[in-house]
Amino acid sequence: MEFQGTFRFVNNKLIILLRDRVCETSEELLASELFSEVATRFVNNLKRRQSPLLQIFGKPIREIDHTDIQELVRMFHVLDKMPIDAVPKLVETGERFIANTSLLQAFVEELYNYWRQFERFIICDSTGDHLDKRPYRTFNSTIESLTHLVRQTYRDISENITGQHPNIYRQVRAGAEMAAIALPKDLALPGGCYDQLRNVPVIRQLLLNPPLLLNPPMNKRTGKFEQIARNPLELISVTPDEWLCYPAKVGPLLILVYIHERFLELGLSLCNLFELADDEFLDRPVDAVYLYGVPGDVLDSLAPMPTVFYDDQENDIMVAACPNKDQFGYFGYLKKMILTLHNIKAMKKGRMPFHGAMVRVATKNNRSHTVLIIGDTGAGKSETLEALRIIGDDQIEEIIIIADDMGSLEIDSQGNVIGYGTEVGAFVRLDDLLPGYAFGQLDRSIIMNPSQVNSRIVLPVTTYEQVMKGYAIDMVLYANNYEDVDDEHPLIEQLSTVESALHVFREGAAMSKGTTTSTGLVHTYFVNVFGAVQYKTLHEEIAKQYFEKLFQNNVFVGQLRTRLGIVGQERQGPEESARALLSMFSQEEAKP
């Protein structure tokens, strides 16, 4: 019995495409085309390395061929059910495989490890089967079933080789690491060049087994996203079975993220960052589409850095694209382009986008403070808020995260400046966090490049309801990570005029922390290359309007000196910033 579907290997990924079910017995597993392919690839890998493990075949390495691998698989069928003594009786050339049982066991261990080093995904196509109507049952019969079956088969074969039971059982993930139910869905896309997207399966449910450890090819993002004058979809040819669509709820917007299979692990990781759109949300007009991982070099001629976007004003939709080359294999290219599209749409609606963190801090005397900290990546926003969570434990009831990285402001009918978020998760740098700073639960996380500088963790930190609720702003702070504190430069400095405030935020000075390829003290317009720079004239008008309203409403606008970019202050700086914020909350609450 074969898998009811197909599979393909893409670099270090194995993608299993199912219409019905996976194998249910070890006999089906060992007889499957997938197992035969894995065994063949494994033996060829050993041949390239001239591995001594191939001595189990009893012949020179160069003479090992497909017939030998078939005999190996037949031996596994026997060892799955019977002790090793049965192999010579049931496999024609079986004697050679069992001549050295220690070597055979080492071969089996290495084959098991070889299988597990692939990043393994199951994509369930539920067309006509309504698997998306009973998703957990579908996941249970695929991802869970395969995990148990692979482990059981490996253990049975090992025990029949050694004649012993292990003393320690390690329940490693031996099946798939992530699974998705996806099906074609009629979405409110324009016609013309957009029609080629209609047959790409749309993800309806996802299952992952965290914590996941991923090692994408890059650990930094470089350059800014380039606006172009031509719709990239006019140049791109989409092969539907190589793509999946992740329909993301980005604040109030519906953004369709089309993920090429080369970057599937990064695309599916979006589930920890942006809420997956439900059927009702999918009925609304599409605000933007983003093709992440476009094959070939069709984008190269469009801009010096071919991470591009186009403003399709005729159809009122944004279109973005990024190549599928290794240099763009970093989660930041996914997240930041999506947020760029959000920011541009926000400005077109008269909202002011921000690059920063926004939280609602509720103290134990039933007072709340909504604080927006605007700052570049590595400016100390997350670190200060985590320190606030720990240090303020006796005074703080809860900290509600509204925006972890991006959001937007609007002015309501009463003239209040209201803040909204975009993401339900966080893409957090691990390097600067104290071990005790838990920005969520590790067992829900996806960890990327854990052994490198700028290692990151993606994990859910809030709910879509909190992101979209809308909170009146009480305090707006610029995260200054490069200036030390003295009498002239306090931890928290209030800016006295609209002009001085606009100057500080417009300058966007920050000491780079190595999260992109920039180094040293850098200046970025409103620390926001994600839409604000590209639409600077529009943003300038909006920013002036909003800062005037903030000052008119007596909202505190100032600088917070986190000192995260100063050597030796990486821990102390955010902690002292957090204490200054706590002190400020107390002063505000003491006012009559």
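Residues numbered from 1 in each chain as written. Predicted model: local features only at pLDDT ≥ 70, side-chain atom pairs only at ≥ 80, totals over all residues. Heavy atoms only, no water.

(A) A look at the pattern of salt bridges. For the coordinates displayed, the defined rule picks out 28 salt bridges. With its nearest N and O atoms 3.5 Å apart, the salt bridge here joins E386 to R389. Taken together, the positions of E386 and R389, both in helix α10 (residues 381-391) and three residues apart, correspond to about one turn of that helix. A salt bridge links E483 to R561; the shortest N-O distance between them is 2.9 Å. Residue E483 is found in the loop between β23 (475-480) and β24 (492-494), and its partner R561 is found in strand β27 (residues 556-561); the two are separated by 78 residues along the sequence. Overall, the relative accessible area of 22% leaves E483 in the partly exposed class. With a relative accessible area of 1%, R561 lands in the buried category. In this structure, a network of salt bridges that share partners links the residues K335, K336, D405 and E423. (Salt bridge = Lys/Arg side-chain N within 4 Å of Asp/Glu carboxyl O. Helix = DSSP H or I, 4+ residues; strand = E, 2+ residues; numbered from the N terminus. Buried < 20%, exposed > 50% of the residue type's maximum accessible area, 1.4 Å probe, protein only.)

(B) Up close: unusual backbone geometry. Residue P211 is reached from P210 by a cis peptide bond, and omega for that bond is -5 degrees. Among the structural elements, P211 can be located in the loop between β5 (202-208) and β6 (212-214). The backbone of D316 sits at a positive phi, close to 55 degrees, despite the residue not being glycine. Locating D316 in the fold gives a position in the loop between β12 (308-312) and β13 (317-323). The residue F526 is not glycine, and still its phi comes out positive at about 50 degrees. Within the secondary structure layout, F526 lies in the loop between β26 (521-523) and α13 (536-552).

(C) Highlighting the nonpolar core. Counting 86 residues, the largest nonpolar core has V257, Y290 and F505 as its most contacted members. Broken down by element, the residue count for this core peaks at nine residues, all from helix α9 (residues 331-348). Not counting residues within four places of it along the chain, the set of residues in contact with F505 comprises I374, V476, L477, Y478, L495, T524, Y525, F526, V527, F547, V557 and G558. Counting 57 residues, the second largest nonpolar core, distinct from the first, contains F57, V78, I98 and L146. (Core = buried A, V, L, I, M, F, W, Y, C linked by side-chain atoms within 4.5 Å. Contact = heavy atoms within 4.5 Å.)

(D) Spatial organisation of the sheet that holds strand β19 (residues 425-429). The four strands lie next to each other as β6-β20-β21-β19, forming an open sheet whose pairing is mixed. The outermost strands of the open sheet, each flanked by one partner alone, are β6 and β19. Going across the sheet, the axis of each strand differs from the next one's by a mean of 20 degrees, ignoring polarity. Here three bridges tie β6 to strand β20 (residues 446-448), and the two strands are oriented parallel to one another. Note on β20: the bridge partner recorded for L214 is M448. (Pairing = 2+ DSSP bridges. Axes fitted to C-alpha atoms, helices over the stretch in contact; angles between N-to-C directions.)

(E) View of the packing of aromatic side chains. Enumeration according to the criterion identifies 22 aromatic pairs in this entry. Measuring from centroid to centroid gives 6.1 Å for F7 and F9, while their planes differ by 85 degrees, and the two rings are edge-to-face. Site record: aromatic cluster; members linked through ring pairs are F7, F9, F42, F57, F97, F107, Y114 and F118. Against the face of F281 rests R284, its NZ or CZ located 4.3 Å from the ring centre. Just above the ring of F427 sits the side chain of R456; from NZ or CZ to the centre is 4.7 Å. (Phe/Tyr/Trp six-rings, centres within 6.5 Å; stacked < 30°, edge-to-face > 60°. Lys NZ or Arg CZ within 6 Å of the ring centre and 35° of its normal.)

(F) Quick peek at the environment of C322. By the secondary structure assignment, C322 is in strand β13. The class of C322 is buried, set by a relative accessible area of 0%. Sequence spacing of C322 and F225 is 97 residues, and the spatial spacing of their C-alpha atoms is 9.5 Å. Apart from the residues lying within four places of it in its own chain, the contact partners of C322 are Y290, L291, Y292, G293, V294, L299, P306, T307 and F328.

(G) Examining the pairing of strand β8 (residues 243-250) more closely. The buried fraction of β8 is high, at eight of eight residues. Here β8 shows a buried face lined by W243, C245, P247 and K249 and a second buried face lined by L244, Y246, A248 and V250. As paired elements, β8 and strand β9 (residues 253-260) share eight bridges and run antiparallel to each other. By the bridge assignment for β9, W243 is matched with H260. Where β8 folds back on β9, the antiparallel hairpin that results is connected by two residues, among which G251 adopts a positive phi of roughly 60 degrees. The pairing of β8 with strand β10 (residues 275-276) spans two bridges and is classified as antiparallel. Directly across from A248, in β10, lies its bridge partner L276.

(H) Geometry of a negative patch on the surface. There is a patch of like negative charges on the surface, built from E275, D278, E280, D283 and E465. Structurally, E275 can be placed in strand β10. Looking at E275, the relative accessible area reads 31%, which means it is partly exposed. (Patch = residues over 30% accessible without salt bridge, like charges linked within 9 Å, V, L, I, M, F, W, Y side chains within 5 Å. Areas by Shrake-Rupley, 256 points an atom, 1.4 Å probe, with all protein chains shown as cover. Lys, Arg positive; Asp, Glu negative; His and termini not counted. Charge placed at Lys NZ, Arg CZ, Asp CG, Glu CD.)

(I) Region of the structure containing the pairing of strand β15 (residues 368-374). Summarising burial for β15: six of the seven residues are buried, a large majority. Sheet topology note: the strand β14 (residues 352-363)/β15 ladder contains seven bridges and is antiparallel. Following the sheet pairing, V361 is matched in β15 by H369. Counting the residues that bridge the hairpin from β14 to β15 gives four residues, and of these N366 lies at a positive phi of roughly 65 degrees. By the bridge criterion, four bridges tie β15 to β23 in an arrangement that is parallel. Considered in β23, the bridge of I373 is made with L477.

(J) Expanded view of the packing of helix α2 (residues 33-49) against helix α5 (residues 101-116). Contact geometry of α2 with α5 gives a least axis separation of 10 Å together with a crossing angle of 110 degrees. Considering their axes alone, α2 and α5 lie roughly perpendicular with respect to each other. Here L34, F35, V38, A39, R41, F42, V43, N45, L46 and R49 of α2 come into contact with α5, specifically with F107, E110, L111, Y114 and W115. When grouped by side-chain class, the residues that make up the contact of α2 with α5 number eleven nonpolar, one polar and three charged. (Parallel < 35°, antiparallel > 145°, perpendicular 65-115°, else oblique. Nonpolar A, V, L, I, M, F, W, Y, C, P; charged D, E, K, R; others polar.)

(K) Representation of the environment of P217. Locating P217 in the fold gives a position in the loop between β6 and β7 (226-227). Sequence separation between P217 and F328 is 111 residues; the distance between their C-alpha atoms is 8.1 Å. Not counting the four nearest positions on each side in its chain, P217 is found in contact with D326 and G329.

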